[in-house]
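Structure at a glance
For reference, the chains in residue letters:
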Amino acid sequence: RREKKLEVEEKAYTKLMKQNPSKLVMSWYSEVTKLLDNEQMKYLKLMRTPKITSVRSNETITLTEEDIFPGNYSSGFQFELSQWYKTWNISKIGRSGGPVWGFYEGGGMVYHGVDGEDSVYLYPDEETCLVGRWDNGEMVEAREGAIDKIWCSKNGIPLISLQEVATNENTFHFDPSTKTHLSDDPHVPDPMETKFVEIRKSELPGAGEGLFLIKDVEANEIIAFFNGVRVTIEDANKLPVHRESSHKIWNDWNDQDEMLDITPEYRSVESYQATLGHKINFSKQPTVEYDFIFHPRFGEIRSVRALTSLKAGTELTSMYGKVVDNFTFIKQVFNDYYTYNDLDEEEKVDFLGEMKNNYEIMLRSMINFDINTLYTDQTND
């Protein structure tokens, strides 16, 4: 029976050692995922995953090697699957009696060693890390650490050795924004972001500040983050502070029409520098795009990825703006229609007047929007 041993660890380990990847943990994750992509795994997903209509869920399922490769000798690996956007993905890999790796949607991972050891959050660059305590997937308290080495042991699990935890006074905890709260520590920068970007005077005509690379990066690398207060599409359409903002971005993680917005009081770096993605200016030839990431500190936000290989000194640009698109406008009309039907007759009259004013403002934004005025330096940002 041992000659039929699955040996997930040896297959993945041998292949990785030949490749010598710069980002070993995510390369290992990809190799294990490929190894498990068989008909039995597809069948198990079909039979065991809960029938969920939402695009994401907190539900998980646990599978073992014996489940995925029946009839083979098991070397003790266990896998947890979570529903990321509409698909079930491996979110945890561990082995009986050994360390466990948890993987977050969009990049980043947590290493849980044996009992008594601090957990380590490894940023997508696999160089920056936070060391401390996690509870049920959320960071309780952590400080920036320094990685000594990451290597893949022959039992199939990547291991981390750390230098002494940095004496940095800054501590981090799970601190997601709300409609009215941006951050407990708005002046504490993200430790990975500071290794990639800095704010300087923009080189674009009429713009104020911009965001620039301070190191070379490869295509698809995550280089910054975009956090903000969380507002609904209705807030973004109807409240002037959000409607006129050029510092907002879609954040519809669960198709809930959420946006992240940096409101005027936080646009200066003196007021907020925990994330810097909002400092990126518009261009029809963008250098970056926005992706989704579960950040250890801010939760469900957006990441900034390089579209191509970029050199240090490049000003980052993207295609986004405050214009209301047709789809957004139509969704707002339907939302208002259902709200209108729930009102009494007297309330309907007032609501119709409010709708008229809002639609006029939205339509003017759609028709007369001038992108060249979007980033005029009017707020010293």
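In this text, all values refer to a predicted model and were calculated from it rather than measured experimentally.

**Some points on the overall build of the protein chain**
Helix and strand content of the protein chain: eight helices and 19 strands. Within the protein chain, residue pairs in contact and separated by at least 24 positions form 59% of the contacts whose partners lie at least 6 positions apart. If you sum the accessible surface of the protein chain, you get close to 19100 Å²; carbon and sulfur atoms cover 48% of it.

**Things to note about the confidence of the model for the protein chain**
Caution applies to low-pLDDT parts of the model: their predicted coordinates are not meant to be read in detail. Overall, the prediction assigns the protein chain a mean pLDDT of 84, with 85% of residues at 70 or greater. Put simply, helix α1 (residues 8-19) is where the protein chain has its lowest mean pLDDT, 61, and strand β12 (residues 222-226) is where it has its highest, 97. This model gives residues 368-381 a pLDDT under 50, and the stretch forms 26 contacts once residues within four places in sequence are excluded.

**Here's the deal with the packing of aromatic side chains**
Tallied over the entire structure, the rule returns 14 aromatic pairs. Plain terms: the ring middles of Y29 and F103 are 4.4 Å apart, the flat faces sit at 40° to each other, and that makes the pair tilted. Pair noted here: Y29 is in helix α2 (residues 24-35) and F103 is in strand β4 (residues 100-103), with a separation of 74 residues, a long-range link. Each of the two residues, Y29 as well as F103, counts as buried. Taken together, a centroid distance of 5.0 Å and an interplanar angle of 55° make the contact between W101 and Y111 tilted.

**Here we look at the side chain of D190**
Structurally, the position occupied by D190 is in the loop between β9 (158-162) and β10 (197-201). We note that D190 is buried and unpaired, the nearest opposite charge coming from R297 at a distance of 5.3 Å. At a separation of 2.8 Å, a polar atom in the side chain of D190 contacts the side chain of Y123. Of note is the side chain of D190, whose polar atom sits 3.1 Å from the backbone nitrogen of M192. Apart from the residues lying within four places of it in its own chain, the contact partners of D190 are Y123, F225, Q273, A274, H295 and R297.

**As for the sheet that holds strand β13 (residues 229-232)**
Read across the sheet, three strands follow the order β13-β15-β14 without closing on themselves; strand pairing throughout is antiparallel. At either end of the open sheet lies a strand with only one pairing partner, and these are β13 and β14 (248-250). Direction aside, neighbouring strands of the sheet carry axes that sit 35° apart on average. Bridging between β13 and strand β15 (residues 258-261) involves four bridges; their strand directions are antiparallel. Note that in β15 the partner of T232 across the bridge is E258.

**Digging into the layout of surface pockets**
Considering only enclosed or pocket space, the largest pocket measures out at about 840 Å³ in volume. The wall of the largest pocket is formed by 26 residues, among which N58, S82, Y104, G137 and F294 lie closest to the centre. Breaking the lining of the largest pocket down by element, the ones donating at least two residues are β2 (77-84), β3 (87-95), β4, β5 (109-112) and β7 (128-135). Partitioned by chemical class, the residues of the lining of the largest pocket number seven nonpolar, eleven polar and eight charged.

**Quick word on the pattern of salt bridges**
One pass over the full model with this rule turns up 14 salt bridges. In this structure, the salt-bridge partner of R243 is E244, at a minimum N-O distance of 3.4 Å.

**What about unusual backbone geometry?**
Despite not being glycine, E126 has its phi angle at roughly 55°, a positive value. Position of E126 relative to the elements: it lies in the loop between β6 (119-122) and β7. In this structure, N136 is a non-glycine residue whose phi angle is positive, near 55°. Tracing the chain through its elements places N136 in the loop between β7 and β8 (138-152).

**Some details on the pairing of strand β11 (residues 209-213)**
With respect to burial, β11 is a largely interior element, four of its five residues being buried. Inspection of the sheet shows β10 paired to β11 by five bridges, in the antiparallel sense. Paired with R200 across the bridge in β11 is G210.

**Digging into the side chain of E193**
Counting through the fold element by element, E193 comes out in the loop between β9 and β10. Among the polar contacts listed, one links the side chain of E193 to the backbone nitrogen of F225, at a separation of 2.9 Å. Setting aside residues up to four positions removed in sequence, E193 forms contacts with I223, A224, F225, A274, T275, L276 and G277.

**With respect to a nonpolar patch on the surface**
Together, I330, F334, Y337 and Y338 line one region of the surface with nonpolar side chains, adding up to about 450 Å² of accessible area. By the element assignment, Y337 lies in helix α7 (residues 326-341). Since its relative accessible area comes to 46%, Y337 is described here as partly exposed.

**Quick notes on the environment of R56**
Tracing the chain through its elements places R56 in the loop between α3 (39-48) and β1 (60-64). In the structure, R56 is positioned 28 residues away from W84 in sequence and 5.3 Å away in space, judged by C-alpha atoms. When near neighbours in sequence (up to four residues on either side) are disregarded, R56 contacts Q83, W84, Y85, E105, W253 and N254. Separated by 2.8 Å, the side chains of R56 and E105 make a polar contact.

Rules and cut-offs
- Within any chain, residue numbers begin from 1 and follow the written order of that chain's sequence.
- The predicted origin of the model limits local features to residues at a pLDDT of at least 70 and limits the giving and counting of side-chain atom pairs to 80 or more, whereas totals for whole chains, interfaces and linings rest on all residues.
- As a convention, hydrogens and water are excluded, and side-chain values are obtained from all of the structure's heavy atoms.
- Per the convention used, a helix needs a DSSP run of H or I reaching at least four residues, while a strand needs a run of E reaching at least two, with both numbered from the N terminus.
- Whether two residues are in contact is decided by their heavy atoms, any of which lying within 4.5 Å being enough.
- For every accessible area listed, the method is Shrake-Rupley and the probe measures 1.4 Å; residues are considered covered only by the protein chains on display.
- By definition, pLDDT measures how confident the predictor is in each residue, and it falls between 0 and 100.
- Planes of paired rings set the category: under 30 degrees apart is stacked, over 60 is edge-to-face and the rest tilted, where pairs are Phe, Tyr or Trp rings (Trp by its six-membered ring) whose centres lie within 6.5 Å.
- When a residue's accessible area, from a 1.4 Å probe over protein chains only, is under 20% of the maximum for its type it is buried; when over 50% it is exposed; and in between it is partly exposed.
- Just so you know, the count uses Lys and Arg for positive and Asp and Glu for negative, and it drops His and the chain ends.
- What makes a salt bridge here is a side-chain nitrogen of Lys or Arg within 4 Å of a carboxyl oxygen of Asp or Glu, nothing more.
- Residues adjacent in sequence count toward polar contacts only when both atoms are side-chain atoms; beyond that, a polar contact is any pair of N or O atoms within 3.5 Å, and within protein one must be able to donate a hydrogen and the other to accept it.
- Only strands that DSSP links by at least two bridges are regarded as paired with each other.
- Between the N-to-C directions of two axes lies an angle of 0 to 180 degrees, each axis being a line fitted to C-alpha atoms and, for a helix, fitted only over the stretch in contact.
- In the cavity and pocket records, a cavity denotes points on a 1 Å grid over the protein atoms alone where a 1.4 Å probe fits but cannot get out, a pocket denotes an open set with protein on both sides within 12 Å along at least 5 of 7 lines, and lining residues are residues with an atom within 4 Å of a point.
- Grid points are joined across faces, edges and corners, and a volume is the space filled by probe spheres set on the points.
- All amino acids are sorted into three groups, where Ala, Val, Leu, Ile, Met, Phe, Trp, Tyr, Cys and Pro are nonpolar, Asp, Glu, Lys and Arg are charged, and the leftover types, Gly among them, are polar.
- Patch membership needs two things, relative accessible area over 30% and no salt bridge, and members are linked within 9 Å if like-charged or within 5 Å if nonpolar (Val, Leu, Ile, Met, Phe, Trp, Tyr).

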